[in-house]
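# Understanding the architecture of this molecule
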Amino acid sequence: MAYSETRETVPAEPAARSETPSGDERVPYRRITEDILGRMGASGRGYLLGLGAAGGLTLLGAAAWGYQLWKGMGVTGMSHPIMWATYITSFVWWIGVAHAGTFISAILYLFRAPFRPAFSRSAEAMTVIAILISSAFPIIHLGRAWRFYWLLPYPNQRDLWVTFRSPLILDVFAVITDLTVALLFFWLGLVPDLAILRDRAKGWARTIYGVLSLGWEGTGRQWKHYRLAYSLLAGLAVPLVISAHSIASWDFALTVVPGWHSTLLPPFFVAGAIFSGLAMVLTLSIPLRAWLGLKDQITDAHLDWIARLLLTLSLLFAFFRGMEYFMVWYGGTEIEKINMLYKASGAFAPWFWIMIVCTVLAPLAFFRRSVRRSAPALLAVSIAINTGMWLDRFIIIAGSLARDYLPDAWSDSGYRMTLVDLGILLGSLGFFLFCFLLFVRYLPVLPVAETKREYLRERREEEALRGASGGG
Amino acid sequence: MNRRRFLKVLGVSGAVAAVEGCSSNRDERLIPYLIPAEDQTPGVSSEYSTVCRECPAGCGMVARVRDGRAHKVEGNPEHPINRGTLCLRGQSALQDLYHPDRIRQPLARDPRGRLQPISWEEAERRLLDALAAAHSGRTTRGGRTAWIGRLETGAFDRLVGEWLDAVAPAPTRLRYEPFAYEPLREANARVFGTAVVPDMRISEARMLLSFGADFLETWVSNIQYSRAFSAWRQARVQGKHRGRYVFIGPRLSLTGANADQWIPARSGAEALIARALTAIVAAERGAAPAGGGAGEPAALAEAAGMSVEILERLGREFAAAAPSLAFPVGNAAGEDATAANEAILRLNLAAGNVDRTYILDWPHALTATARYAEIGALVAAMQAGDVRLLLVHEANPVYHLPPVLRVAEAIGRVPSVVSFSSYLDETTALASLVLPDHRPLESWGEYTPRPGITGLLQPVVMPVFDTRPTGDVLLSTAARLGRDLGAPDFHAYMRRSLGLDEVGWLAAVQRGGIFTAEDAPALDAGLREQAVAGLGPDALEGKRLASPQERSPASSETAPLPARKYPEFAFPQRNPEDAQTLESTGAPDGAVRLTLHLYPSLYFFDGRTANRPWAQEIPDPMAKAVWGSWAEIHPETARRLGAAQDDVLVLTTDAGRLDVPALVTDRVRPEVVALQLGQGHTHYTRYARGTGVNPVQLLSGASEQPSGALVMSGTPVSVSRSPVRRRLVVLQASERLVGEPVAREMTLTELVQTPAEGGAFASREEERPSFYRYIPEGKHHWGMAIDLDRCIGCNACVAACYAENNVPVVGREECARGHNMAWLRIANYGGELSAAGEATKEAATAPHDIRIRFLPMLCQQCNNAPCEYVCPVNATVHSKEGLNQMVYNRCVGTRFCSNNCPYKVRRFNWLTYEFPAPLDQQLNPDVIHRTKGVMEKCTFCIQRIRRARIDATTEGRPIRDGEIMTACQQTCPADAIVFGDLKDPNSRARRLAEGPRGYGALADLNTYPNITYMARVRAEEIHGAKNG
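Residues numbered from 1 in each chain as written. Chains lettered and ligands numbered in written order. Predicted model: local features only at pLDDT ≥ 70, side-chain atom pairs only at ≥ 80, totals over all residues. Heavy atoms only, no water.

Along its length, chain B carries 32 helices and 40 strands. Per-residue burial over chain B gives 67% buried out of 1028 residues. Considering only contacts within chain B whose residues lie at least 6 apart along the sequence, 76% involve residues at least 24 apart. (Helix = DSSP H or I, 4+ residues; strand = E, 2+ residues; numbered from the N terminus. Buried < 20%, exposed > 50% of the residue type's maximum accessible area, 1.4 Å probe, protein only. Contact = heavy atoms within 4.5 Å.)

Below you can see the structure in the form of structure tokens.
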């Protein structure tokens, strides 16, 4: 990791800080725009290398998928009875990651969380990319992927319709809704910034930014409508945080499979999704902060806030996990007990215990303030959470399938990942990184207007405090 | 015989005309006819009766032929042996016909020693040359020509004899079957003066005892006995008797798994146990022990390593249940098999079973098979260079006989070896000339397994390859040598030999044979005389029942073929010291000395069906393993060896060494290591070659006295663990019974206490509350009743399903990856006899009540199907007649349906699976061949439902109950599966489903399955009570 806590990494006008009248170490208000926009257009050997590596991984994934399409699903590690494994796991995991974006965009916005602007833009970008990837996985997963459009209820000559009772169809709607809202949110948030970029750009870039900025001029009337639209959209998106991942959990909860068939699953999945998504935000923000020198915009205090949220969510998650086991015991169904014990002691046991360490034990470190304030520690724990959450999904999905009702059809040796599964999984990570690097280059990673507003709000509060103490 | 002539012959047989189609020059036409034959309707299968020749049982078979291609074989309902049913081996006859590795034309060695294709003209010339060469020179000494062929009866048998006599002076001829029942024949000869393979009348027995005879698998006539056994169990459930079935032996076979109790007796203790039982039975019945083997039961029991109390209870029960029936020892018997069989016969005598359940005068054709001593004599002659020409027809002695006999080397000393084999098997690989015979489905022929039952074979398709019937070759070569054997070709020869007029012939061919004896009981005295006479004087010398105590000194001379006087073959003698030899000759460290127990395979018989992909791919009924061999050891032994499942064990005897993965099971005694026969071919097609091991490599070749049979079991073997692991592909993960088990059983007492109405298991639809009515709205409601009490776990239905529904064979690697495609599997539950912790030696040798239940698991066609609502694209939907229908071309392959199927009966096409040509010609044209990426599953043979509906509509009548038979039901020898309309209150399926034993599998999940299982019934031992 290139990041180093000790290194001073704000290249843009270090002298600026001394100019601040209040002795405050922050970038002055008038320079915020320059500070943020100046970090765009990343290039150079390191960037291109990263972009190339991410692109290479993407191509590897594409090649693996091509091979799978050509030969059939037999090239993956899936088998009877573990018919779902890494692809559906990745689908659920990516859509969970995406959820944090919506959570930050909508819920934190409505609650006016002070640390929101520091993360909102990159979280929203992450959301859009993650939803794109997660929507690809169910298609990759299809035995006949070239027929994926049959999952859409389009009018056709044969009067064939989809099964609206199927959780997978609900998924289709959930993912499409998610993608639409995430894109709108991302775009709407970008509009004022895009207008600034338009004003500064020349040539074809100006045209593109111009079209995307929707004729934004920054008038009071526009701002008034903009704020209203943004709040409304945030309000509309709130149910999505709950619904989309609940629906993803129905893929499992609505079945009769032991280990899946549980009313606990929707809240469990939603909590897990936000948990893994916020961890992903940290995983992205900390290197980004180091790389682009955004320490002033993404402060340690901001990171502390996210860590506290993560700690809360991890406790919630641990509670749900405990409830899952309690229900298995309390329900008294023998097959559920076998299923649960198998996941903790059978072929999936190593993954199970790694998952427990990563998702339940590791976040407990956040009880210590020093850990919450240490970027490397935060990064390590957030990566652990991401890994753990992927494994959690994997164990629920593949592990539960290994122990179904009929013992004669139990899985003998669990699931063995092949190079194709692995290639596609790595490809998805590569594609995510590739898109994110493009985002960093072409769009501002922090919302200019929001940051300014937050700056002003803080300043007002400080002044109010100062005024109050002065008056007293 | 040219093609024109062939067609002429067919034309004469009119109604049974075989069809033109796959001619030998490999036309690949979708519609094979230019001008269709008159009796052929495109799209409708014709049925031709023939005979299954996969083992000596000789079941009747019907081949379904569509557009010139045989796509299914089924049992012939007219045939008294099997009555329409067929086992897995019989089902696989199609894969024999269309095997991709068949020899496609005659072959001969070129100067460099390689087999090269030649023409038939050339081939017959070379055969004549070989004959001439064998008998040229100064000497006129006989015995220079030898024929080894499988057991044949009737015309072909006679033709071989006449031909040999015509072309060779004093030839040797062996009817060679690896399982020749020598100890049984010898024991019958010693006790009754008649060296026959007898019949067992299970139906009348009130108690069954088997000392190892696997009569449901490979023993004499497995389908005949499976049918009888299933009917016997049915009678028990119906309250007609309370007979128990007890299995005695060191290993629990499939036949044993169908017993009520297993007494894990030490290998070789059968004689002692039988003698002890005889003494007890005789005492019970107030008679003196019936000669020989008398002794104090307590002493005998102790010698047998059993508690005398168990034996006394068993003996009293056996005596009380008159008539009872004790089966002899198994096929791969040990050193004192004759003594054991003799003791068992005396036990039957003492219990008054002879002529009631133990039928001597309906002998099996196996009575006429060659003895091991004769084979040994021939091998010695070959080794001595006395044999100049060896003719091999449907026999593979190089594979079957222990390598220590050096059969291959002996054959190597024969200048001309002519094989008529269709495959390059171990023996044919040594041949100098290969004249491939037609396969049975391409041939004329006849086979008489028992007097009064003569099955007729007719060609059902045109020859697939450029092969020629051996009968024709023999007649043609004889004619060229100027010997007229009375017929131009074998078809004419056979007709003449059968002596039927035109009408009788047509009727016989159409019916599939001449059946004057339905079953042994139906034989009246006159008919029996006639039937026995019909078998030929050679087969049944001394057929009259001698008085039991009388021994016929001539009885061992029943071998019908004149034995050549060769120098005595020095059989390897078992060295009594070899226990020490083994240890001294460096048996590996940590080795454990065990007793070898070999057993024939239900699927491969003696190894002859190991080339069938279905036999390899369908899991063994007990081990559930596919594509390989394994050594069964007890957990206790495994602990001593430090070995676990899949650890390769090294088995060493003086004769050889085998490396084979371990299968740890408590179904063998701790001192026994059990191996299956039939695998481990070094040749014999891509499917058999290199698959598993051939345990005859461990045999010393010693013969059992006094019968002279090859000793196959009970000999010492040194076993050690090698550091290597080789994964045995086992397709069933667990036999555990979870919760309220899906495979249920009850005791006979519980059954008696259950009211006939309502049933023992409260799982009826009306008892569970629901908003919905899950009764199909259509005219019919298809359902099935599966009787677990009848199911013997033989997996014949699985093979039938593979054949009927074009289920692909995926091979070992894909099976190991969990990609097996079977639509129907026979799960094996409750097989763990003792809990893991208590697999001690004491527990392992105590009698076990057998709780094993075979559960045929197929799509339950749920009326509230979990698979249907999760499919996003409506690819699996419910029909108005209750069928859960899979729409292949709508499926996109989410596999959600499989996840949500609690029965796990759905299969996914992971890859594109191939049917190597010409195996693809077997594919059923009524059933779609699925492509990669779609889900598939049991359809209740919807194509058969459609066919019945079309027929009924055409004839303007409703579909009759029993008219539709699914493929699995059709072939089931135990009649365990009944398909029918559940809306018809009188349908058999409905009546069975409403019986007291019915329950729905996992019905508490509210799936409303259309299959009703009927619980297995176990008969308990009743102390002091009289059975019957």
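After presenting the structure, the write-up continues.
A few words now on the overall build of chain A. Looking only at helices and strands, chain A has 16 helices and 0 strands in total. Taking 472 residues into account, the globule formula puts the C-alpha radius of gyration at 23 Å, and chain A, at 24 Å, falls close to it. The buried share of chain A, taken over its 472 residues, is 57%. Here the analysis covers contacts within chain A between residues at least 6 apart in sequence; of these, 81% occur between residues at least 24 apart. When the accessible surface of chain A is totalled, it reaches about 19900 Å², and 68% of it is carbon and sulfur. Here chain A contributes 42 positive and 33 negative side-chain charges, whose respective centroids are spaced 4 Å apart. (Rg over C-alpha atoms; globule rule 2.2 N^0.38 Å. Areas by Shrake-Rupley, 256 points an atom, 1.4 Å probe, with all protein chains shown as cover. Lys, Arg positive; Asp, Glu negative; His and termini not counted. Charge placed at Lys NZ, Arg CZ, Asp CG, Glu CD.)

Applying the stated rule across the entire model yields 0 disulfides over all chains. Of all cysteine sulfurs, the one in B:Cys87 lies closest to B:Cys55, which takes part in no disulfide; the gap is 6.2 Å. (Disulfide = S-S within 2.5 Å.)

Here the focus is the pairing of strand β29 (residues 782-787) of chain B. Residues and elements named next belong to chain B. Across the 6 residues of β29, 6 count as buried, placing the element largely inside the fold. Here β29 shows a buried face lined by Trp782, Met784 and Ile786 and a second buried face lined by Gly783, Ala785 and Asp787. The pairing of β29 with strand β37 (residues 977-981) spans 5 bridges and is classified as antiparallel. Counted as the bridge partner of isoleucine 786 is isoleucine 977 from β37. (Pairing = 2+ DSSP bridges.)

Before going further, it helps to examine the interface of chain A and chain B. With 54 residues of chain A in contact, the opposing surface of chain B contributes 53 residues. For the pair chain A and chain B, the two sides together bury roughly 4500 Å², of which 56% comes from carbon and sulfur. Joining chain A to chain B, the criterion identifies 3 salt bridges. Measuring nitrogen to oxygen at the nearest pair gives 4.0 Å for the salt bridge that ties B:Arg727 to A:Asp412. On inspection of chain A and its partner chain B, the count reaches 33 residue pairs in polar contact (both at pLDDT 80 or more). For the side of chain A that touches chain B, the elements supplying multiple residues, two or more each, are α3 (45-71), α6 (167-200) and α11 (334-345) of chain A. Of the residues belonging to the side of chain A that touches chain B, the class tally is 30 nonpolar, 14 polar and 10 charged. (Buried area = accessible area lost by both parts, 1.4 Å probe. Salt bridge = Lys/Arg side-chain N within 4 Å of Asp/Glu carboxyl O. Polar contact = N/O pair within 3.5 Å; in protein donor to acceptor, adjacent residues only side chain to side chain. Nonpolar A, V, L, I, M, F, W, Y, C, P; charged D, E, K, R; others polar.)

Residue and element names in this part refer to chain A. A surface patch of nonpolar side chains, amounting to about 580 Å² of accessible area, comprises Leu57, Leu60, Met417, Leu419, Leu422, Leu426 and Leu429. Mapped by element, the contributors of at least two residues to the nonpolar patch are α3 and α15 (419-442). A per-element tally of the nonpolar patch places α15 first, with 4 residues. One can find methionine 417 in the loop between α14 (375-401) and α15. (Patch = residues over 30% accessible without salt bridge, like charges linked within 9 Å, V, L, I, M, F, W, Y side chains within 5 Å.)

What follows is about the confidence of the model for chain B. Residues and elements named next belong to chain B. Taken as a whole, chain B shows an average pLDDT of 84; of its residues, 85% reach a score of 70 or greater. Counting contacts from residues 12-27, a segment whose pLDDT is below 50, to residues more than four positions away or on other chains yields 50 contacts. Across residues 1024-1028, where pLDDT falls below 50, the model places 9 contacts with residues more than four positions away in sequence or in other chains. (pLDDT = per-residue confidence, 0-100.)

Residue and element names in this part refer to chain B. Among the residues of helix α18 (residues 502-511), those classed as buried are Trp505, Ala508 and Val509. For α18, the arc enclosing every buried residue in end-on projection is 95 degrees, short of the 170-degree limit, so these residues lie on one face. Exposed side of α18, more than 90 degrees from the buried face: Val503 and Gln510 are the residues found there. Looking at the buried side of α18, the elements it contacts are β1 (46-51), β18 (453-457), α17 (490-498) and β19 (513-515). (Arc of directions from axis to C-beta.)

The next subject is the pairing of strand β25 (residues 672-676) of chain B. Residues and elements named next belong to chain B. Among the 5 residues that make up β25, 5 are buried, leaving the element largely enclosed by the rest of the structure. Neither face of β25 is open: one carries Val672, Ala674 and Gln676, the other Val673 and Leu675, and all of them are buried. Judged from the 5 bridges that link them, strand β20 (residues 592-599) and β25 form a sheet pairing that is parallel. If you follow leucine 598 over to β25, its bridge partner there is leucine 675. Relative to β25, strand β22 (residues 631-633) runs antiparallel, the two sharing 2 bridges. The partner of glutamate 632 across the bridge, within β25, is alanine 674.

Attention shifts here to unusual backbone geometry. Note the cis peptide between A:His80 and A:Pro81, where omega equals 10 degrees. When you line up the elements, A:Pro81 lands in the loop between α3 and α4 (86-110). Within the chain, B:Phe605 stands out as a residue other than glycine whose phi angle is a positive 55 degrees. With a phi close to 75 degrees, B:Tyr684 is a non-glycine residue in the positive phi region. Relative to the assigned elements, B:Tyr684 resides in the loop between β25 and α23 (685-688). B:Tyr684 sits in the buried class, given a relative accessible area of 8%.

Each strand in a sheet pairs with its neighbour through backbone hydrogen bonds, running either in the same direction (parallel) or in the opposite one (antiparallel). Residue and element names in this part refer to chain B. What the 7 strands build is an open sheet, ordered β5-β4-β16-β15-β14-β6-β7; its pairing is mixed. The open sheet terminates on both sides in strands that have one partner only, identified here as β5 (115-117) and β7 (172-175). With 4 bridges joining them, strand β14 (residues 389-393) and strand β15 (residues 416-419) adopt parallel strand pairing. Bridging across to β15, leucine 391 finds its partner in valine 418. Contacting β4 (107-109), β6 (145-149), β14, β15 and β16 (433-434), helix α4 (residues 120-134) crosses the sheet at an angle of about 135 degrees to β14. Together, β6, β7 and β14 form the strand contacts of helix α5 (residues 154-167), whose direction differs from that of β7 by roughly 165 degrees. (Axes fitted to C-alpha atoms, helices over the stretch in contact; angles between N-to-C directions.)

Attention shifts here to the environment of A:Arg147. Note that A:Arg147 resides in the loop between α5 (116-141) and α6. Along the sequence, A:Arg147 and A:Ser90 sit 57 residues apart, while their C-alpha atoms lie 21 Å from each other.

A few words now on the packing of helix α10 (residues 300-331) of chain A against α11(A). All names here are of chain A. Following both chains from N to C, one finds α10 and α11 inclined at 140 degrees, their axes separated by 8 Å at the closest point. Classified by the angle between their axes, α10 and α11 sit oblique to one another. Regarding α10 and α11, the two cross each other, and that crossing is left-handed. The residues of α11 that touch α10, namely those facing Glu324, Tyr325, Val328 and Trp329, are Glu336, Lys337, Met340 and Lys343. (Parallel < 35°, antiparallel > 145°, perpendicular 65-115°, else oblique. Left-handed = near helix turned anticlockwise from the far one by under 90°.)

In spatial order, the strands read β37-β29-β39-β38 (chain B); together these 4 strands make up an open sheet with mixed pairing. In the strand order of this sheet, the two ends are held by β37 and β38 (998-999) of chain B, each with one partner.

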